[in-house]
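Analysis of the macromolecular model
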Amino acid sequence: MSRHKSGFFRRHSLSLVTIAVLLTWTGLYIASDPQTHLGSFFGNAIADWSGVLVTILATKHMYEKGSAESRKPSHEPANRILCAFKDHSLTIFLAITGAAWIILFKKMDANSKWGQVVGNIVSEWTQIIGLVLLTKKFLERGSKESTESKESK
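Residues numbered from 1 in each chain as written. Predicted model: local features only at pLDDT ≥ 70, side-chain atom pairs only at ≥ 80, totals over all residues. Heavy atoms only, no water.

**Things to note about the overall build of the chain**
A tally of helices and strands in the chain yields 6 helices and 0 strands. Across the chain, helices and strands are ordered from the amino to the carboxyl terminus as α-α-α-α-α-α. A separation threshold of at least 6 residues defines the contact pool for the chain, and within that pool the share at least 24 residues apart is 59%. Surface exposure of the chain reaches about 10300 Å², of which carbon and sulfur atoms provide 64%. (Helix = DSSP H or I, 4+ residues; strand = E, 2+ residues; numbered from the N terminus. Contact = heavy atoms within 4.5 Å. Areas by Shrake-Rupley, 256 points an atom, 1.4 Å probe, with all protein chains shown as cover.)

**Here's the deal with the packing of aromatic side chains**
In total, this model carries 5 aromatic pairs according to the counting rule given. Judged by centre distance (5.2 Å) and plane angle (90 degrees), the ring pair of tryptophan 25 and phenylalanine 41 falls under edge-to-face. Residue tryptophan 25 is found in helix H1 (residues 2-30), and its partner phenylalanine 41 is found in helix H2 (residues 37-61); the two are separated by 16 residues along the sequence. Each residue in the set Trp25, Phe41 and Phe42 is aromatic and connected to the rest through ring pairs, giving one cluster. Sitting over the face of the ring of tyrosine 29, lysine 113 holds its NZ or CZ atom 5.1 Å from the ring centroid. (Phe/Tyr/Trp six-rings, centres within 6.5 Å; stacked < 30°, edge-to-face > 60°. Lys NZ or Arg CZ within 6 Å of the ring centre and 35° of its normal.)

**So, the side chain of threonine 18**
Mapped onto the secondary structure, threonine 18 falls in helix H1. The contacts of threonine 18, once residues within four sequence positions are left out, are Trp49, Val52, Leu53 and Ile56.

**Concerning the side chain of serine 32**
You can see serine 32 is positioned in the loop between H1 and H2. For serine 32, a relative accessible area of 15% corresponds to the buried category. (Buried < 20%, exposed > 50% of the residue type's maximum accessible area, 1.4 Å probe, protein only.)

**Re a nonpolar patch on the surface**
A grouping of Phe8, Phe9, Leu16, Val17, Ile19 and Leu23 is seen on the molecular surface, where their side chains present a nonpolar patch of about 520 Å² in accessible area. Mapped onto the elements, leucine 16 comes out in helix H1. Given a relative accessible area of 31%, leucine 16 falls into the partly exposed group. (Patch = residues over 30% accessible without salt bridge, like charges linked within 9 Å, V, L, I, M, F, W, Y side chains within 5 Å. Salt bridge = Lys/Arg side-chain N within 4 Å of Asp/Glu carboxyl O.)

**What to know about the nonpolar core**
Of all hydrophobic cores here, the largest spans 19 residues; its most connected members are Ile46, Val54, Leu90 and Leu94. Elements supplying a minimum of two residues to this core: H1, H2, helix H4 (89-107) and helix H5 (113-134). Looking at this core, the element that brings in the most residues is H2, giving 7 residues. If sequence neighbours within four positions are ignored, leucine 94 has contacts with Val54, Trp125, Ile128, Ile129 and Val132. (Core = buried A, V, L, I, M, F, W, Y, C linked by side-chain atoms within 4.5 Å.)

In structure tokens:
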């Protein structure tokens, strides 16, 4: 039984540890004053580590056709509509969840304790979707993804 549990942790350790770090930053932020440097840091860390977590999980399960940063799909669906959704599932997911964060942020006081955090999460989501879309057309000499992308074409 312990072998199975260690296998699960080993297979998912990056996402599990990232969740633990995110929960730590969240707990520290709850207990802190956001008007202090430390409190402000904790709030920014929540947004940053939320972005790290979504990057780990979304790129594990979703795909963006043409993006060097995205994993490659195992098979193509026969239906053209399903194929388009699969080819752009990462962008679709980020756009929908990004829109939800924007709606939430618009309903909040931007200067409130959690309004600042949600505003930072909106910024983080914008960076992630921007990176996904930029890597569809642009390369960076010397990066692993750019090298693999050029070799696969």
